Amino acid sequence: MNTQVTAQRSFSFLRIAVALQTLTIFLQAVSAGLLLTSSYGETLHSAGARVMYGAALLYVLAAVLAWKPGGGSPRPIWHASGFLVLASVQVALGIAHVPAVHLPLGVLMFGLSVLALARR
């Protein structure tokens, strides 16, 4: 029974991490709109990028914790790691000011994050 409770808690933490990641990506879209319309948009979008990257790291941590003590599948680790790679590319493209790839990648990341959340 203890293993089942641990697995359930790990699963909940994983779900919370994916939800947080999804929320931060959505807020990045909002701050991107502010970037176009206000003077403080760039600061907000830049700070949001750091928070989004932290949420992607939290997703990896949650996936590892859900797998190791709970005895779950390692598949979420691959998903979370892939998402961390996408987040890294996204941040690099933003710093390099390549909006032609940065924006569609952000939309893709949001869609993938919503999909991951729906599957949890």
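Preceding this section is the structure that the text describes.
Anyway, here's the lowdown on the structure attached to this text. (Residues numbered from 1 in each chain as written. Predicted model: local features only at pLDDT ≥ 70, side-chain atom pairs only at ≥ 80, totals over all residues. Heavy atoms only, no water.)

**Brief notes about the overall build of the protein chain**
Then comes step 1: When helices and strands are counted, the protein chain shows four helices and zero strands.
Then comes step 2: Reading the protein chain from its N end, one meets helices and strands in the order α-α-α-α.
Then comes step 3: Expressed as a percentage of its 120 residues, the buried residues of the protein chain come to 31%.
Then comes step 4: Residue pairs at least 24 apart in sequence account for 65% of intrachain contacts in the protein chain once pairs closer than 6 positions are excluded.
Then comes step 5: Surface exposure of the protein chain reaches about 7300 Å², of which carbon and sulfur atoms provide 72%. (Helix = DSSP H or I, 4+ residues; strand = E, 2+ residues; numbered from the N terminus. Buried < 20%, exposed > 50% of the residue type's maximum accessible area, 1.4 Å probe, protein only. Contact = heavy atoms within 4.5 Å. Areas by Shrake-Rupley, 256 points an atom, 1.4 Å probe, with all protein chains shown as cover.)

**Re the side chain of Ser113**
Then comes step 1: Following the sequence through the fold, Ser113 ends up in helix H4 (residues 99–119).
Then comes step 2: A relative accessible area of 0% places Ser113 in the buried class.
Then comes step 3: Separated by 2.6 Å, the side chains of Ser113 and Thr22 make a polar contact.
Then comes step 4: Ignoring sequence-local partners within four residues, the contact set of Ser113 consists of Val18, Gln21, Thr22, Ile25 and Phe83. (Polar contact = N/O pair within 3.5 Å; in protein donor to acceptor, adjacent residues only side chain to side chain.)

**Brief notes about helix H3 (residues 75–95)**
Then comes step 1: Taking 1.5 Å per residue as the helical rise, H3 with its 21 residues ought to reach 30 Å, and the 31 Å between its terminal C-alpha atoms agrees with that figure.
Then comes step 2: Buried within H3 are the following residues: Pro76, Ile77, Ala80, Phe83, Leu84, Ala87, Gln90 and Leu93.
Then comes step 3: Just past H3, the residue His97 takes up positive phi, approximately 55°. (Expected span 1.5 Å × (residues − 1).)

**Considering the packing of helix H2 (residues 41–67) against H3**
Then comes step 1: Taken N-terminus to C-terminus, the directions of H2 and H3 make an angle of 165°; their axes are 8 Å apart at the nearest point. In this view, H2 runs roughly antiparallel relative to H3, as classed from their interaxial angle. As for the relative orientation of H2 and H3, their crossing is left-handed in sense. Packed against H2, whose contacting residues are Met52, Tyr53, Ala56, Leu57, Tyr59, Val60, Ala63, Val64 and Trp67, the element H3 presents Pro76, Ile77, His79, Ala80, Ser81, Phe83, Leu84, Ala87, Ser88 and Val91 at the interface. (Axes fitted to C-alpha atoms, helices over the stretch in contact; angles between N-to-C directions. Parallel < 35°, antiparallel > 145°, perpendicular 65-115°, else oblique. Left-handed = near helix turned anticlockwise from the far one by under 90°.)

**Let's talk about the side chain of Gln21**
Then comes step 1: In this structure, Gln21 sits in helix H1 (residues 2–37).
Then comes step 2: The buried category is assigned to Gln21, whose relative accessible area is 1%.
Then comes step 3: The contacts of Gln21, once residues within four sequence positions are left out, are Ala55, Ala56, Tyr59, Phe83 and Ser113.

Interpretation note: all reported values are geometric properties and have no functional meaning in isolation.
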